[in-house]
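The lines below spell out each chain.
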Amino acid sequence: MKKLLHSKWTSVDKCNGWIHYQVRNVLINKKQVELYAVCKKSVSLITNVKDLRNKSRWLPGWKDL
């Protein structure tokens, strides 16, 4: 799970108005990650690692949709 730190992700649907996110923190005990919007670092969200690997919600890297 540590390898997720600083990884880049694209949300298929906008989350808080943004689609490009980067992992800020890995919460190992809860199996969650904290992501922040790349264009506005004050916007963040916490999601389960399981949801992050769901390709219908998140894509690895920054993609043009």
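Details of the structure are given in the entry above.
Nothing here was measured: the structure is a model prediction, and the numbers come from that model.

Participant: Describe in detail the pattern of salt bridges, supporting the description with residues and values.
Facilitator: Counted by the stated rule, this structure contains two salt bridges. Residues R24 and E34 are paired through a salt bridge, measuring 3.5 Å at the closest nitrogen-oxygen approach. A residue pair is termed long-range when its members are at least 10 positions apart, and R24 in strand β2 (residues 18-27) and E34 in strand β3 (residues 32-37) qualify at 10 residues. Accessibility expressed as a relative area gives 33% for R24, which makes it partly exposed. You can call E34 buried: its relative accessible area is 18%. Ionic pairing is found between R57 and D51, a salt bridge with its closest N-O pair at 3.8 Å. D51 sits in the partly exposed class, given a relative accessible area of 24%.

Participant: Tell me what's going on with the environment of L5, and back it up with residues and numbers.
Facilitator: You can see L5 is positioned in the segment before β1 (8-15). In contact with L5, other than residues within four places in its own chain, are V23, R24, N25 and V26.

Participant: How would you explain unusual backbone geometry if you had to name every residue and give the values?
Facilitator: Even without glycine at this site, H6 takes up a positive phi of about 70 degrees. Look at N16: it is not a glycine, yet its phi comes out positive at around 55 degrees. Taking relative accessible area as the criterion, N16 reaches 52% and is therefore assigned exposed.

Participant: Talk me through the sheet that holds β1; I want residue IDs and the actual numbers.
Facilitator: As summarised here, the arrangement of the five strands in space is β4-β3-β2-β1-β5, forming an open sheet in which the pairing is antiparallel. Two strands close off the open sheet at either side, each with one partner strand: β4 (44-48) and β5 (58-60). Looking at each pair of strands side by side, their axes are set apart by 35 degrees on average, direction ignored. Inspection of the sheet shows β1 paired to β5 by three bridges, in the antiparallel sense. When the sheet's bridge partners are listed, S11 is paired in β5 with W58.

Procedures and definitions
Every chain begins its residue count from 1, and numbering advances along the sequence as written. Per-residue local features are limited, in this predicted model, to residues with pLDDT of at least 70; the limit for side-chain atom pairs, both in listing and counting, is 80 or more; totals at the level of whole chains, interfaces and linings are taken over all residues. Excluding hydrogens and water, the side-chain figures rest on all heavy atoms present in the structure. Definition used for salt bridges: Asp or Glu carboxyl oxygen within 4 Å of a side-chain nitrogen of Lys or Arg. Each helix corresponds to a stretch of at least 4 residues labelled H or I by DSSP, and each strand to a stretch of at least 2 residues labelled E; elements are numbered beginning at the N terminus. Three exposure classes are used, based on accessible area relative to the maximum for each residue type with a 1.4 Å probe and protein chains only: buried under 20%, partly exposed in between, and exposed over 50%. Any pair of residues with heavy atoms lying within 4.5 Å of one another is described as a contacting pair. Only when DSSP finds a minimum of two bridges between them are two strands counted as paired. Here an axis means a line fitted to C-alpha atoms, over the contact stretch when the element is a helix, while the angle between two N-to-C directions is reported on a 0 to 180 degree scale.

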